[in-house]
Amino acid sequence: PATHPVEDDGREPHAAAPAAGGGRRVLLVDDDDAVAAATSLWLKTEGFEVDLARGSADVTRLLATPGFCPDLILSDLHLGEAQTGVDVVRTVRQRLRRTVPAIFVSGETQPDALRAGDLECVRFMSKPVQTDELLRAIQGLDEERPAAVRERLSPAPERSRGVISGSASRFR
């Protein structure tokens, strides 16, 4: 079989779109293995570094790791065994002595746990979560932070789109 050389047409190769996560560290807390795996995979494809925890015990272990300091907490609101994402966020913020932005996801539309909360710099999203909406929520939290501590979060032109839900995850 003959091979044909590829000619250089003088155009610059297409640069990859910047990753939305930019290497930012996300603490993902979910007790549903399937949802956690799908969400973790999606976050990584978007350029985030992910630390996965199933509940408070895992979070406590991560907090004991030298240098552990997430840029964002993404947590299911209800974690089983009377644990809530609100408890996890409070624990992380107290131990790190800083307001780590947080996004709670839940199948509920009016979560009582958040109404009673006194947390700032948080967002709530109902399942199923659209991935493009999740990226906008992350960017919105980034913009709420004081300018001195803000980290760059470049909006990507077109990202993978999908749904993260309690039963199945789809990306297109």
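All figures in this text were calculated on a predicted structure; none of them were measured in a lab.

## Examining the pairing of strand S6 (residues 102-106)
Residues in a regular strand point their side chains to alternate faces of the sheet. Burial within S6 is extensive, with five of its five residues counted as buried. Of the two faces of S6, the one holding Ala102, Phe104 and Ser106 and the one holding Ile103 and Val105 are both buried throughout. Bridge analysis of strand S3 (residues 72-76) against S6 gives four bridges, and the strand direction is parallel. Paired with Ser75 across the bridge in S6 is Phe104.

## Digging into the environment of Met125
Turning to its location among the elements, Met125 is positioned in strand S7 (residues 122-126). Taking the relative accessible area as the measure of exposure, Met125 reaches 10% and is therefore buried. Spatially, the C-alpha atom of Met125 lies 7.3 Å from that of Ile103, the residues being 22 residues apart in sequence. Contact partners of Met125, with chain neighbours within four places excluded, come to Ile103, Phe104, Val105, Ser106, Glu133, Leu134 and Ala137.

## Topic: the confidence of the model for the protein chain
For the protein chain, per-residue confidence averages 78 on the pLDDT scale, and residues scoring 70 or more make up 67% of the total. A low-confidence stretch, residues 147-159 (pLDDT under 50), is modelled with 26 contacts involving residues beyond four sequence positions or located in other chains. Residue range residues 167-172 is modelled with pLDDT below 50. Its contacts to residues more than four positions away, or to other chains, number 16 contacts.

## Topic: the side chain of Asp71
Here Asp71 lies in the loop between helix H2 (56-63) and S3. No salt bridge is formed by the buried Asp71. Its closest oppositely charged neighbour is Arg98, at 4.6 Å. In this structure the side chain of Asp71 is engaged in a polar contact, spanning 2.7 Å, whose partner is the backbone nitrogen of Arg25.

Analysis parameters
Residues numbered from 1 in each chain as written. Predicted model: local features only at pLDDT ≥ 70, side-chain atom pairs only at ≥ 80, totals over all residues. Heavy atoms only, no water. Buried < 20%, exposed > 50% of the residue type's maximum accessible area, 1.4 Å probe, protein only. Helix = DSSP H or I, 4+ residues; strand = E, 2+ residues; numbered from the N terminus. Pairing = 2+ DSSP bridges. Contact = heavy atoms within 4.5 Å. pLDDT = per-residue confidence, 0-100. Lys, Arg positive; Asp, Glu negative; His and termini not counted. Salt bridge = Lys/Arg side-chain N within 4 Å of Asp/Glu carboxyl O. Polar contact = N/O pair within 3.5 Å; in protein donor to acceptor, adjacent residues only side chain to side chain.

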